[in-house]
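What follows is the residue order along each chain.
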Number of protein chains: 2
Amino acid sequence: MKYRIGLDISGGDFAPEQIFKGALLAKQEFHDDLILIGVKEEIEEQIHKHNLNLNDFTIIDAPEKIGMGESPASSVRKKKNSSISIGMNLLREKKIDAFVSCGNTGAAVCGATLQVGLMEGVERPGIALVIPTKKGISMIVDVGANIDPKPIHLFQYGIMASVYSHLALGKENPSIGLLNIGEEESKGPDYVRNVHKLFSEAGVNFIGNLEAKDIFSGKCDCIVCDGFVGNVALKVSEGVAETMGKFLLDEIKKGFIGKIGLLLIMNSLKRVKRLMDYAEYGGALLLGVDGIVIIGHGRSNAIAVKNAVKVAIHELKCNVNSEIKSNISKISQDPKIKEMLNDLSA
Amino acid sequence: MKYRIGLDISGGDFAPEQIFKGALLAKQEFHDDLILIGVKEEIEEQIHKHNLNLNDFTIIDAPEKIGMGESPASSVRKKKNSSISIGMNLLREKKIDAFVSCGNTGAAVCGATLQVGLMEGVERPGIALVIPTKKGISMIVDVGANIDPKPIHLFQYGIMASVYSHLALGKENPSIGLLNIGEEESKGPDYVRNVHKLFSEAGVNFIGNLEAKDIFSGKCDCIVCDGFVGNVALKVSEGVAETMGKFLLDEIKKGFIGKIGLLLIMNSLKRVKRLMDYAEYGGALLLGVDGIVIIGHGRSNAIAVKNAVKVAIHELKCNVNSEIKSNISKISQDPKIKEMLNDLSA
């Protein structure tokens, strides 16, 4: 079966050039249909530049652009002809099977929530990211969609992530951990302690609180946190990796022997860099939306774009969303969980 | 002038052995008086083990112990004869000039707040840490004292940190940045946006919001955040550094050439490890307490303990606390700030 993947050509720091190149890589590698959504003239210009045939591409004109720094809610509401608005509408109307954007993350979250809508029972969407760890890969959710978290949001993030982790990442009975400032149940702010109680009752593979030093240790398959904390955790890790790299180069370059050593380990350094580079793992997933939305990093290059398309296709193949829906519905009918949620909202 | 530094011999993962060794290093390097607070028999045993003379040490017996995982508030309240309780009381009674503990951080924060007390006008203490950056060093506050932050807490953290940064770290007109998920003023949760407003009006060198990727870039001298976020940021960075190190070793060891390269860069790697190791920078400061309290990392070894003592002596020499008091008092009398704080608490 061929999937129809909508790709936002206007979104991202290196749009349209790198996004278009990513589309070409995806066309080579996958046999699914790519629908290019963006400013028509710009897409055509890219096609001509690469000496390709216009007829080989499906283009949907989206003449308006949402800048990377624009206010999410108002940009989506006002710019009906932006690639994000048009892409989300196509997804709602089931004219595409998934939408991939490396544009303004907030706008993509708003657009998905307002135009595509959330799955029944889901209260807030969460951005989930697959990350490299000492033992392989894990997921962290939310990394920036929701900065006003209620216990039910984080609880649902964990449920959704564990379905994805099982179906799309192949983990048997994936473990869920709650990011907190200590491992003891009594640690953390009230809302986090309430999430702890919900997971403890939910009959899932909950391993309790997880300290931030263990995010990259592979101790846990699905790490749950609020969007502010998750965003900080993620961006700190980018910053540390960069700073460490710089320190290492500075130190090595101080001496002649070090320089030779550097030459000998250069390939290893490059592989580590790639291992730590989220772009290699494709985009982030917008969990909870009633349709498949992949959000690429703003700095995505062509390879990252191709990988984001790959993630979308893989998610479709694994039929993740229908299983998430059935899990969310099942768990929200659990009498104990229902009672706890009622108490929390009282 | 000789200072009297109280050292908690019972606190820390490697107590009493490593703490005592740290005390010996500190005795060698500094000319100030060390007061060893802990279980008398254990301290005496260490002294004998090192073939030293009992008369060369000042020991204060603190027979009770607070475990690293114990509940902070209740342990401090119940264990009056613990090293933390006794140390904080000595500090309040001005029988010591500073207290250094690598024990239960929460207990130290509680003990300091309840027994030593806060400076006039300060609402909550904050844990401040000096961190390595691409351009030298910066400070981050709070990294775990306060997980229920109000705007005034974060505002005061910034004011206090900038005084420390100026007097103790020698920065001219230190810059203050607010950790947030984007640089725009409109970003983040309500309480963070309110902190932004307070700093903007306070006549300090406020550079606005700072993204977490810039914590280690050296873009800002004093980074302000709540304790939950700060704790996560810090522990993530430890985890990333460790994971990157492991990835690099794994990759390098795959080939013969890499192994030779590794030998040649080993010294550089060690130096980077030291550069990224907070222990090298001594302990964290408990800002806002009316006395000097230094909190060492739980995993502190002898060198980290010695460095924590060094930080205490340096803070005393720089007379940081009296300047913090006068700054807090000045700024809380500023009519604009007063009005904003009234509006916020209304």
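So, how was this worked out
Residues numbered from 1 in each chain as written. Chains lettered and ligands numbered in written order. Predicted model: local features only at pLDDT ≥ 70, side-chain atom pairs only at ≥ 80, totals over all residues. Helix = DSSP H or I, 4+ residues; strand = E, 2+ residues; numbered from the N terminus. Rg over C-alpha atoms; globule rule 2.2 N^0.38 Å. Buried ≥ 20, exposed ≤ 12 C-beta atoms within 10 Å, placed from the backbone. Contact = placed C-beta atoms within 7 Å. Least-squares fit on C-alpha atoms with pLDDT ≥ 70 in both. Nonpolar A, V, L, I, M, F, W, Y, C, P; charged D, E, K, R; others polar. Pairing = 2+ DSSP bridges. Axes fitted to C-alpha atoms, helices over the stretch in contact; angles between N-to-C directions. Domains from an automatic or database assignment. Expected span 1.5 Å × (residues − 1). Parallel < 35°, antiparallel > 145°, perpendicular 65-115°, else oblique. Left-handed = near helix turned anticlockwise from the far one by under 90°. Right-handed = clockwise from strand over helix to strand, strands pointing away.

Draft legend 1. Inspection of the overall build of chain A at higher detail. Along the backbone of chain A there are 12 helices and 11 strands. For a compact globule of 346 residues, the expected C-alpha radius of gyration is about 20 Å, and chain A comes in at 21 Å, within 12% of that figure. Taking the principal axes of its C-alpha atoms as reference, chain A extends roughly 60 × 60 × 35 Å. A total of 346 residues make up chain A; the buried ones form 54% of that total. Taking contacts inside chain A between residues at least 6 apart in sequence as the whole, the part at least 24 apart equals 72%.

Draft legend 2. The relation of the copies chain B and chain A, seen in detail. Between the two copies, chain B and chain A, the superposition gives an RMSD of 0.1 Å; the rotation angle is 180° and the shift along the axis is 0.0 Å. Expressed as a symmetry operation, the mapping of one chain copy onto the other fits a two-fold axis. Residue Gly261(B) of chain B places its C-alpha closer to the rotation axis than any other residue of that unit, at 2.0 Å. Comparing interface residues between copies, 100% of those in chain B also lie at the interface in chain A; the contact surface is shared.

Draft legend 3. Highlighting the interface of chain B and chain A. Each partner contributes to the interface: chain B provides 51 residues, whereas chain A provides 51 residues. For the side of chain B that touches chain A, the elements supplying multiple residues, two or more each, are helix 8 (227-252) and helix 9 (256-275) of chain B. For the side of chain B that touches chain A, the element with the highest residue contribution is helix 8 of chain B, accounting for 19 residues. Of the residues assigned to the side of chain B that touches chain A, the class counts are 26 nonpolar, 14 polar and 11 charged.

Draft legend 4. Spotlight on the sheet that holds strand 3 (residues 58-61) of chain B. Residues and elements named next belong to chain B. The strand order across the open sheet formed by 11 strands is 3-2-1-4-11-10-5-6-9-7-8, and the pairing between neighbours is mixed. Only two strands of the sheet have a single neighbouring strand rather than two, namely strand 3 and strand 8 (206-210). On average, adjacent strands in this sheet sit at an angle of 25° to one another, irrespective of strand direction. Relative to strand 11 (residues 292-295), strand 10 (residues 284-287) runs antiparallel, the two sharing two bridges. By the bridge assignment for strand 11, Leu285 is matched with Ile294.

Draft legend 5. Local environment of the environment of Asp148(B). Along the chain, the position of Asp148(B) falls in the loop between strand 6 (136-141) and helix 6 (151-167). Sequence separation between Asp148(B) and Phe57(B) is 91 residues; the distance between their C-alpha atoms is 41 Å.

Draft legend 6. Main features of the sheet that holds strand 10 (residues 284-287) of chain A. All names here are of chain A. Pairing is mixed across the open sheet formed by 11 strands, whose spatial order is 3-2-1-4-11-10-5-6-9-7-8. The outermost strands of the open sheet, each flanked by one partner alone, are strand 3 (58-61) and strand 8 (206-210). Going across the sheet, the axis of each strand differs from the next one's by a mean of 25°, ignoring polarity. Examined bridge by bridge, strand 5 (residues 126-133) and strand 10 share three bridges and lie antiparallel to one another. Residue Gly126 lies in a different strand from strand 10, and its bridge partner there is Leu287. Against the sheet, helix 4 (residues 83-92) engages strand 1 (4-8), strand 2 (33-38), strand 3 and strand 4 (98-101), with an angle of about 165° to strand 1. The strands touched by helix 5 (residues 105-116) within the sheet are strand 4, strand 10 and strand 11 (292-295), with strand 11 carrying the most contacts at an inclination of about 170°.

Draft legend 7. Local environment of the domain arrangement of chain A. All names here are of chain A. For chain A, the assigned domains are domain 1 (4-119 + 288-316) and domain 2 (126-277). The centre of domain 1, based on its C-alpha atoms, is set 26 Å off from the matching centre of domain 2. On the domain 2 side, the residues contacting the six residues of domain 1 number seven residues. Residue classes in the side of domain 1 that touches domain 2 are distributed as two nonpolar, three polar and one charged.

Draft legend 8. Region of the structure containing helix 5 of chain A. Residues and elements named next belong to chain A. Over its 12 residues, helix 5 runs 15 Å from end to end, which matches the ideal 16 Å to within 8%, given 1.5 Å per residue. Here helix 5 lies mainly inside the structure; 11 of its 12 residues are buried. Among the residues of helix 5, those classed as buried are Thr105, Gly106, Ala107, Ala108, Val109, Cys110, Gly111, Ala112, Thr113, Gln115 and Val116. Turning to helix 5, the residues buried within the fold contact helix 3 (72-78), helix 4, strand 4, strand 10 and strand 11.

Draft legend 9. Main features of the packing of helix 8 (residues 227-252) of chain A against helix 8 of chain B. Interhelical geometry of helix 8 of chain A versus helix 8 of chain B gives an angle of 40° and a closest axis separation of 8 Å. On the basis of the axis angle, helix 8 of chain A is oblique to helix 8 of chain B. Judged by the twist between their axes, the crossing of helix 8 of chain A over helix 8 of chain B is right-handed. Residues Phe228(A), Val229(A), Val232(A), Ala233(A), Val236(A), Ser237(A), Val240(A), Ala241(A) and Met244(A) of helix 8 of chain A lie in contact with helix 8 of chain B, whose contacting residues are Phe228(B), Val229(B), Val232(B), Ala233(B), Val236(B), Ser237(B), Val240(B), Ala241(B) and Met244(B). Residues belonging to the contact of helix 8 of chain A with helix 8 of chain B are distributed by class as follows: 16 nonpolar, two polar and no charged.

Draft legend 10. Spotlight on unusual backbone geometry. All names here are of chain A. With an omega of 10°, the peptide bond running from Val141 to Asp142 counts as cis. Counting through the fold element by element, Asp142 comes out in the loop between strand 6 (136-141) and helix 6 (151-167). Despite not being glycine, Asn319 shows a phi value in the positive range, around 55°.

Draft legend 11. Just the pairing of strand 7 (residues 176-179) of chain B, in detail. Residues and elements named next belong to chain B. Side chains Ile176 and Leu178 of strand 7 all project onto a buried face; the interleaved residues Gly177 and Leu179 project onto the opposite face, where all are buried too. Sheet topology note: the strand 7/strand 8 ladder contains four bridges and is parallel. Bridge assignment links Gly177 to a residue of strand 8, and that residue is Gly208. Since strand 7 and strand 8 lie parallel, the crossover through helix 7 (residues 190-201) that links them has a hand, and here it is right-handed. Summarising the sheet, strand 7 and strand 9 (residues 222-224) pair through three bridges and their orientation is parallel.

Draft legend 12. Main features of the packing of helix 1 (residues 17-29) of chain B against helix 10 (residues 302-317) of chain B. Residue and element names in this part refer to chain B. Packing of helix 1 against helix 10 brings their axes to within 7 Å, and their N-to-C directions diverge by 50°. Considering the angle they form, helix 1 stands oblique to helix 10. By crossing handedness, the relation of helix 1 to helix 10 is classed as right-handed. Here Gln18, Ile19, Lys21, Gly22, Ala23, Leu25, Ala26 and Glu29 of helix 1 come into contact with helix 10, specifically with Ala302, Ile303, Val305, Lys306 and Val309.

Draft legend 13. How the structure looks around the environment of Gly11(A). With respect to the secondary-structure elements, Gly11(A) resides in the loop between strand 1 and helix 1 (17-29). In this structure, the C-alpha to C-alpha distance between Gly11(A) and Ile252(A), residues 241 residues apart in sequence, is 38 Å.

Draft legend 14. Geometry of the environment of Val309(A). Residues and elements named next belong to chain A. Among the secondary structure elements, Val309 is positioned in helix 10 (residues 302-317). For Val309, a count of 29 C-beta atoms within 10 Å translates into the label buried. C-alpha of Val309 to C-alpha of Leu210: the two residues are 99 residues apart in sequence and 31 Å apart in space. Sequence-distant contacts of Val309, defined by excluding residues within four places in its chain, comprise Ile5, Leu7, Ala26, Phe30 and Val100.

Draft legend 15. Structural detail: the pairing of strand 2 of chain A. All names here are of chain A. Bridge count for strand 1 against strand 2 is five bridges, and the pairing is parallel. Note on strand 2: the bridge partner recorded for Leu7 is Leu36. You can see the chain leave strand 1, run along helix 1 and come back into strand 2, and the turn it takes is right-handed. The pairing of strand 2 with strand 3 spans four bridges and is parallel. Paired with Leu36 across the bridge in strand 3 is Ile59. Since strand 2 and strand 3 lie parallel, the crossover through helix 2 (residues 40-49) that links them has a hand, and here it is right-handed.

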